[in-house]
Amino acid sequence: MNKSLTERLFEECPLIYRTNSDGTQTIVNRREFECGDGWFDTIYQLSTKIESIAKVMQQNGTPISGLPQVRQVKEKFGGLRFYMNRSTEEIEELIQQASLQASITCECCGEAGYKQATSSGWIMVVCDNCAREY
Ligand SMILES: [Zn+2]
């Protein structure tokens, strides 16, 4: 995912995209969502929803180290993978919904897509135009 979209996610969801005081590496240190720009909207919506949940937890007294944190976001076998350090049933359900959304969204351009082989042989969720291009 490109740099400005990546930074936007980090800026708008500072609780779930936070660095660790003990120096362990997070997605924020790596500054990398390992997928295409087309999935930005899906990841953004998911992130802001989990951020809201984290905010409520913080207001209710959960220490920062106990709040949900995103470990890694990537594409694998054509699907969106969204890994957290800890989760809840509510968060798992949101991740499920986002994965479903990603499975019908072109990873390259964000238009409607489906899982197919691209011209270079990758299996990805893409639209027909992007499948020819990649
Ligand atoms: Zn496309």
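Q: I'd love a proper account of the pairing of strand β4 (residues 123-126), names of residues and values included.
A: Bridge analysis of strand β3 (residues 114-117) against β4 gives four bridges, and the strand direction is antiparallel. Across the sheet, Q116 pairs through a bridge with M124, a residue of β4. Hairpin connection between β3 and β4: a loop of five residues separates the two successive antiparallel strands, and G121 in this loop has a positive phi of roughly 95°.

Q: Describe the confidence of the model for the protein chain, naming the residues involved and giving the relevant values.
A: On average, the protein chain scores 95 in pLDDT, and the residues at 70 or more come to 100%. Within the protein chain, helix α2 (residues 27-30) has the poorest average pLDDT of any element, 91, and helix α3 (residues 40-59) the best, 98.

Q: If you had to explain the pattern of salt bridges to someone new, which residues and values would you point to?
A: Summed over all chains, the structure comprises two salt bridges. R31 is the partner of E7 in a salt bridge, and the nearest nitrogen-oxygen pair spans 2.8 Å. Separated by 24 residues along the polypeptide, E7 in helix α1 (residues 3-12) and R31 in the loop between α2 and α3 bring together distant segments of the chain. R31 gets classed as partly exposed once you look at its relative accessible area, which sits at 40%. Note that E12 and R8 form a salt bridge whose closest N and O atoms lie 3.2 Å from each other. Pair noted here: E12 and R8 are both in helix α1, with a separation of four residues, about one helical turn.

What counts as what
Residues numbered from 1 in each chain as written. Predicted model: local features only at pLDDT ≥ 70, side-chain atom pairs only at ≥ 80, totals over all residues. Heavy atoms only, no water. Pairing = 2+ DSSP bridges. Helix = DSSP H or I, 4+ residues; strand = E, 2+ residues; numbered from the N terminus. pLDDT = per-residue confidence, 0-100. Salt bridge = Lys/Arg side-chain N within 4 Å of Asp/Glu carboxyl O. Buried < 20%, exposed > 50% of the residue type's maximum accessible area, 1.4 Å probe, protein only.

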